[in-house]
Amino acid sequence: MQVLDIIVISPTETFLVGHLEGTVKPGPWELQVNGETVATLDVTGEAQIEAGRKGKLAPPRVLVCRKAVDKSNIDFTRDEVTLVRLG
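Residues numbered from 1 in each chain as written. Predicted model: local features only at pLDDT ≥ 70, side-chain atom pairs only at ≥ 80, totals over all residues. Heavy atoms only, no water.

## Section: the overall build of the protein
Put simply, the rule is: Here a helix means four or more residues in a row that DSSP labels H or I, a strand means two or more in a row labelled E, and each is numbered from the N terminus. Only C-alpha atoms enter the radius of gyration, while the globule expectation follows 2.2 Å times N to the 0.38, with N the number of residues. Buried, partly exposed and exposed residues are distinguished by accessible area as a fraction of the type maximum, computed with a 1.4 Å probe on protein chains only: under 20%, between the cut-offs, and over 50%, respectively. Contacts are assigned to residue pairs that have any heavy atoms within 4.5 Å of one another.
Along its length, the protein carries 0 helices and 6 strands. Relative to the compact-globule value of 12 Å for 87 residues, the protein shows a C-alpha radius of gyration of 13 Å, a close match. A principal-axis box enclosing the C-alpha atoms of the protein has dimensions of 35 × 30 × 25 Å. The 87 residues of the protein split such that 36% are buried. Look at the contacts in the protein between residues 6 or more apart in sequence, and 58% of them connect residues 24 or more apart.

Written out as structure tokens, the structure is:
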């Protein structure tokens, strides 16, 4: 999954916004920046969001994980940020 943004909701919950194909499987996922693992996250599922304007592009999806993620060292305009399912 290509991650577009990380939104910390609370110390125990974070939303990861991005583009993902297929079904979201709960469990461990690795957050990678430029190919290096920076955190292992416990994804609990996908948040339900309202669809935006009708257009040809699919809206980003939002995954929910049980951990606060520090995004202060990530530059989403320069870095390649991905989320990879383990197992």
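Once the structure has been displayed, the description carries forward.
## With respect to the nonpolar core
Test applied: Nonpolar core, defined: a set of buried Ala, Val, Leu, Ile, Met, Phe, Trp, Tyr and Cys residues in which side-chain atoms within 4.5 Å join the residues together.
Residues Ile 6, Leu 16, Leu 31, Leu 41, Val 43, Leu 63 and Leu 83 are the most contacted members of the largest nonpolar core, which totals 18 residues. Listed by contribution, the elements that provide at least two residues to this core are strand E1 (2-10), strand E3 (27-33), strand E4 (36-46), strand E5 (61-65) and strand E6 (81-85). For Val 43, the contacting residues outside a window of four places in its chain are Val 24, Pro 26, Gly 27, Trp 29, Leu 63, Val 64, Cys 65 and Leu 83.

## Some words on the side chain of Gln 32
The condition is simple: For this analysis, a polar contact is any N or O atom pair within 3.5 Å, provided that within protein one partner can donate a hydrogen and the other can accept it, and provided that sequence-adjacent residues contribute only side-chain to side-chain pairs.
Within the secondary structure, Gln 32 sits in strand E3. Only 3.2 Å separates the side chain of Gln 32 from the side chain of Glu 30, close enough to count as a polar contact.

## So, the environment of Glu 46
Examined against the element boundaries, Glu 46 turns out to sit in strand E4. The spacing of Glu 46 and Thr 23 is 23 residues in sequence and 9.2 Å in space, taken between C-alpha atoms. Other than its neighbours up to four places away in sequence, Glu 46 contacts Val 24, Arg 61, Val 62, Leu 63 and Val 64. Within the structure, Glu 46 has its side chain in polar contact with the side chain of Arg 61 (distance 2.8 Å).

## Some thoughts on unusual backbone geometry
Residues other than glycine seldom take positive phi values, yet Asn 34 does so here, at roughly 55 degrees. Its location among the elements puts Asn 34 in the loop between E3 and E4. On the accessibility criterion, Asn 34 (47% relative accessible area) is partly exposed.

## Here we look at the pattern of salt bridges
Operational definition: The salt bridge criterion pairs a side-chain nitrogen of Lys or Arg with a carboxyl oxygen of Asp or Glu, the two atoms within 4 Å.
For the structure on display, the rule yields 5 salt bridges. With a closest N to O distance of 3.6 Å, Asp 79 and Arg 78 form a salt bridge. When its relative accessible area of 61% is taken as the criterion, Arg 78 is described as exposed.

## Focus on the pairing of E4
Let me state the cut-off plainly: Paired strands are those between which DSSP finds at least two bridges.
Summarising the sheet, E3 and E4 pair through 7 bridges and their orientation is antiparallel. Each residue of the ladder has a partner; that of Trp 29, found in E4, is Leu 41. In the sheet, E4 pairs with E5 via 3 bridges, with the strands oriented antiparallel. Bridged to Glu 46 within E5 is Leu 63.

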